[in-house]
Amino acid sequence: MSANATNGDDLLAIWGRRAPVLIAVYILALLILRLSFSPFLEVDEAQFVGNVDLRLVYANSHPPLYNWLLRLILELTGWNWSLSTGLLKYALLGLFHFLTWDAARRLGGDRAGLLALAASAFLPQIVWMSVHTLAHSIMVMTGVVALVHAAVLLAEKPSRAAYAWLGAAAALGALAKYNFLLFAVPFVGAILASQRLRSIVYRRDALIAVGVFTVLTAPVAIAAAMDAATSLDRISKLYRADEDLVWYDVPGVGIDGFLSFLTASIAWAGPALLVWTAATWWESRRGELPAPADHALLRALGRPMVASLVIFGLIVLAADMHRVHERYLTPLLATLPIWLAAARPTGRLSGWICAVAGVAYIAALIGFWGMASYGKHRYGYDYEAIAAQVRRVSQQPLPLISPRHDDRANMVLALGWPGASSPQTQPVESRAILFWRGRSKPPMRSAPEGFQPMGEVYTVSTPFRNRREESTVYRFQLIGRPSG
């Protein structure tokens, strides 16, 4: 290899050691951007308004850890919702990147640590979706990478602290999303199947991990089992037909769902796999492809990804499911950057890959700014102007009902009504305000049974509060149950 290539390798190794600083700068930039846009919430953030009352089971069918952590931060920030949601989401995203870097670095060296971050830049769910939306998905991918990171530490040198971290990492994933188990179970199975790694599980100190995991998750597991209908309600989304694939629907078999699953898998992992396949093919033809890291954990990492995808695909087929979104695959593929960087290292092209990745991260920041500044985004709606009109109809707080949960949540914040600075919103009893977007008729299907209109329909047209030269229309109406 030439001297220039060697210098390039040294430069990548240097930047690989400095990667935590780059991560911190990137996360800080995201948080500053987020706080500059609006005090209101995007669709995934809005689901938590009225749902931070420290229950074990929430109606959104996710485990409760995200809600609990957000409640803690809200209390610390004086119920500043934009700051609290931003702090939690971007702290988790930063932790994901740090653990990805550290696990890859321990497996394949400093260059592998940097290349793992570069690989993440070619995964849309990480480089883009995690920037401007998502909540539980960010937590579960952090939990998955934390689990692998703990296993890497134990493979290096078993210790009680590492076993405690293993139990905590598993609990983080399990309390983020239930589909965490689709990766965790095959991963543990792969470790048990490895002669070089199974001693990690058979040590007496492994009981520390089991104990930590059990203590942290048992109350939620029991509560979820006792209220299975609520805990599993979101599974119904897998049975909603995809209009683009309805022609492939075969009764009793989820062919359309399996095609949706394949499409989601390609959308999730395809760009990174394409870049790595092209780079390694080109370098192998020139005899410049470096040898992969010799670590048993890499085999125990690649197999669970494949196994979890196969299991999920078979479930979709057998259960006749119809639609799989990309975010459902997040825990199955979250460790792909680590595997690519250490098990499929690139050589001369690594510098180019890292440079393009850096551009992708910067583009994500610019895209986030552009979307919030010029798009029809929740950050751009003038909820405060609409709230001023609502107060003219009712000075006293009333429950808000809307077909869109994000509109309802943001109006609660704009009005300062219960839920804005308290764990729950007002329960719907005898009266409420129906609130909807556009000039359509009142969506009474969203109201409780027996509710009827109790006043005129008010229409509010306001310009976007961002740079979009357009107005938005909302309507609202007082509704209730007739007395007597």
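Everything in this summary refers to the structure shown in the same document. Bear in mind that the values here come from a model prediction, so they are computed numbers and not experimental data.

Here we come to the side chain of Ser 130. Structurally, the position occupied by Ser 130 is in helix α7 (residues 124–132). Residue classification places Ser 130 among the buried residues on the basis of a relative accessible area of 0%. Here Ser 130 is in contact with Lys 89, Tyr 90, Leu 93, Gln 125, Ile 138 and Met 141, once residues within four sequence places are set aside.

Turning our eyes to something else, we now look at the pairing of strand β5 (residues 471–480). Here β5 lies mainly inside the structure; 9 of its 10 residues are buried. In terms of strand pairing, strand β3 (residues 452–453) meets β5 through 2 bridges, oriented antiparallel. For Gln 452, the partnering residue across the bridge sits in β5 and is Gly 480.

Next up on the list: the packing of aromatic side chains. If you walk through the whole model with that rule in mind, you get 17 aromatic pairs. With centroids separated by 5.7 Å and ring planes inclined at 80 degrees, the aromatic side chains of Trp 369 and Tyr 374 adopt a geometry described as edge-to-face. The exposure class assigned to Trp 369 is partly exposed, which follows from its relative accessible area of 35%. The ring of Trp 15 has Arg 18 lying over it, and the distance from NZ or CZ to the ring centre is 5.5 Å. Sitting above the plane of the Trp 101 ring, Arg 105 keeps its charged end 5.0 Å from the centroid.

Following the sequence through the fold, Leu 65 ends up in helix α4 (residues 65–76). Taking the C-alpha atoms as reference, Leu 65 lies 29 Å from Gly 380; in sequence the two are 315 residues apart. Not counting residues up to four positions away in its chain, the partners in contact with Leu 65 are Met 139, Leu 172 and Leu 175.

Together, Leu 11, Ile 14, Trp 15 and Leu 22 make up a nonpolar patch on the protein surface, roughly 340 Å² of accessible area in all. If one sorts the elements of the nonpolar patch by residue count, helix α1 (residues 3–17) sits on top with 3 residues. The topology assignment puts Trp 15 in helix α1. Among the residues examined, Trp 15 registers a relative accessible area of 37% and is labelled partly exposed.

So, how was this worked out
Residues numbered from 1 in each chain as written. Predicted model: local features only at pLDDT ≥ 70, side-chain atom pairs only at ≥ 80, totals over all residues. Heavy atoms only, no water. Helix = DSSP H or I, 4+ residues; strand = E, 2+ residues; numbered from the N terminus. Buried < 20%, exposed > 50% of the residue type's maximum accessible area, 1.4 Å probe, protein only. Contact = heavy atoms within 4.5 Å. Pairing = 2+ DSSP bridges. Phe/Tyr/Trp six-rings, centres within 6.5 Å; stacked < 30°, edge-to-face > 60°. Lys NZ or Arg CZ within 6 Å of the ring centre and 35° of its normal. Patch = residues over 30% accessible without salt bridge, like charges linked within 9 Å, V, L, I, M, F, W, Y side chains within 5 Å. Areas by Shrake-Rupley, 256 points an atom, 1.4 Å probe, with all protein chains shown as cover. Salt bridge = Lys/Arg side-chain N within 4 Å of Asp/Glu carboxyl O.

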